[in-house]
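Here is what each chain is made of, one letter per residue.
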Amino acid sequence: NCAEPGAAEAAGEPGDGIAMGPAKPPPPGRVIDLGGPVPGTDPDVLEERVEQVPDEGRFSDQVRDNLEKYPLPGVPQPDLSDWEDWDGEVIMGPDGPQIVVPQDEAREAMWGWVIQIIAGTVGTLAGWTAAALCTASLGPEAVVACGAIQGYVTTFLWVMVSGLLGGQSITDPQLWAASLAGGIVAAVGGAVWGKWLKPWVDANAQPLLRKIGDAVGNAATAFGSSVIRGLQRVRDFVFDVADTIDLEFWKAARRLGYEG
């Protein structure tokens, strides 16, 4: 059973966020968000991501589709054999997107199910935020580049959250940085790498990942203090990955012959 909900500690340096404006109260259920606005994100871009959520199917369907479409290369693949379906409603809160999981989905006695819900919601929110940060620096024309960043960051955070909350030992941040960067570079291809990502990496890749780490560490999950502590461990590991992400982007591009 989970502990009573607790408040997340602030992580990293505070920054000025962008207010999202008035929003309707969330429906009944467990509200999961990233704990506040992420500096540098455009609320209009985030709202576009919310509007793109399919009306049909359950929320877990799009999470699984993302994991299958954007697999991380060179690392153990997630085991989806025990996959549990669950639903959620996406709304725009005052500080950004929120995913509301109905109370009857949050069966705390089934810890594996709870982990899948937290990994799916936090990973999705992190992916949307990564896309918004990418769009802010590259512009709306960089659809392919920012779409790949969104997809692979979502998978990366799903694996981190589900693994660390599930008691797995996840080590070697350089390996995970190589996997994340390698997946993105291979997905976009040489033309997009040369036009969009190559000039973007040095100035933006590490700050983007550190902002994502901060946001995940501050995530409000409504599932209790033990979950919040677990997400703060995820934050610390993401920071370690950020320290080497620039180099791994360049190494991935060289392996694929995208130096030009």
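Residues numbered from 1 in each chain as written. Predicted model: local features only at pLDDT ≥ 70, side-chain atom pairs only at ≥ 80, totals over all residues. Heavy atoms only, no water.

Peer 1: Summarise the sheet that holds strand 1 (residues 30-32); cite the residues concerned and give the values.
Peer 2: Strand order in the open sheet formed by three strands is 1-3-2, and the pairing between neighbours is antiparallel. If you trace the sheet from one side to the other, it starts and ends with strand 1 and strand 2 (89-93), each paired once. Geometrically, the sheet is characterised by an average inter-axis angle of 30 degrees between neighbouring strands, direction not taken into account. (Pairing = 2+ DSSP bridges. Helix = DSSP H or I, 4+ residues; strand = E, 2+ residues; numbered from the N terminus. Axes fitted to C-alpha atoms, helices over the stretch in contact; angles between N-to-C directions.)

Peer 1: Can you break down the nonpolar core residue by residue, with the values?
Peer 2: Counting 84 residues, the largest nonpolar core has Leu157, Trp176 and Phe249 as its most contacted members. Mapped by element, the contributors of at least two residues to this core are helix 1 (43-51), helix 2 (59-69), strand 2, strand 3 (96-101), helix 3 (111-138), helix 4 (143-165), helix 5 (173-217) and helix 6 (225-255). For this core, the element with the highest residue contribution is helix 5, accounting for 19 residues. Excluding residues that lie within four positions of it along the chain, Phe249 makes contacts with Ala181, Ile184, Val185, Trp193, Trp200, Val201 and Ala205. (Core = buried A, V, L, I, M, F, W, Y, C linked by side-chain atoms within 4.5 Å. Buried < 20%, exposed > 50% of the residue type's maximum accessible area, 1.4 Å probe, protein only. Contact = heavy atoms within 4.5 Å.)

Peer 1: Give a description of the packing of aromatic side chains that names residues and reports values.
Peer 2: All chains considered together, the criterion is met by five aromatic pairs. Ring geometry for Phe59 versus Trp86: centroids 5.6 Å apart, planes at 35 degrees, classification tilted. Of this pair, Phe59 sits in helix 2 while Trp86 sits in the loop between helix 2 and strand 2, and the two are 27 residues apart along the sequence. Judged by relative accessible area, which is 3%, Phe59 ranks as buried. For Trp86, a relative accessible area of 0% translates into the label buried. Judged by centre distance (5.3 Å) and plane angle (85 degrees), the ring pair of Trp193 and Trp250 falls under edge-to-face. (Phe/Tyr/Trp six-rings, centres within 6.5 Å; stacked < 30°, edge-to-face > 60°.)

Peer 1: Requested: an account of the pattern of salt bridges, with residues and values cited.
Peer 2: Overall, the coordinates contain four salt bridges when judged by the stated rule. Residue Asp236 is joined to Arg235 by a salt bridge in which the shortest nitrogen-to-oxygen separation is 3.1 Å. Asp236 gets classed as partly exposed once you look at its relative accessible area, which sits at 38%. Taking relative accessible area as the criterion, Arg235 reaches 13% and is therefore assigned buried. Put simply, Lys251 and Glu248 hold a salt bridge, and the shortest N to O gap is 3.2 Å. Here Glu248 and Lys251 lie together in helix 6, a separation of three residues that amounts to about one turn. (Salt bridge = Lys/Arg side-chain N within 4 Å of Asp/Glu carboxyl O.)

Peer 1: Can you break down the packing of helix 4 against helix 5 residue by residue, with the values?
Peer 2: Put simply, helix 4 and helix 5 touch, their axes get as near as 10 Å, and they point 45 degrees apart. When the axes of helix 4 and helix 5 are compared, the pair comes out oblique. Where helix 4 approaches helix 5, its residues Val144, Ala145, Ala148, Ile149, Tyr152, Val153, Phe156, Leu157, Val159 and Met160 are matched on the opposing element by Trp176, Leu180, Gly183, Ile184, Ala187, Val188, Val192, Trp196, Leu197, Trp200, Ile212 and Val216. Here the contact of helix 4 with helix 5 is built from residues that sort into 21 nonpolar, one polar and no charged. (Parallel < 35°, antiparallel > 145°, perpendicular 65-115°, else oblique. Nonpolar A, V, L, I, M, F, W, Y, C, P; charged D, E, K, R; others polar.)

Peer 1: Tell me what's going on with the state of the cysteines, and back it up with residues and numbers.
Peer 2: Per the counting criterion, the structure on display carries one disulfide. Between Cys134 and Cys146 runs a disulfide, and the two sulfur atoms are separated by 2.1 Å. Torsion about the S-S bond of the Cys134 and Cys146 cystine: about -80 degrees, corresponding to left-handed handedness. Taken together, the positions of Cys134 in helix 3 and Cys146 in helix 4 put the pair 12 residues apart, joining distant regions of the chain. We classify Cys134 as buried; its relative accessible area is 0%. (Disulfide = S-S within 2.5 Å.)

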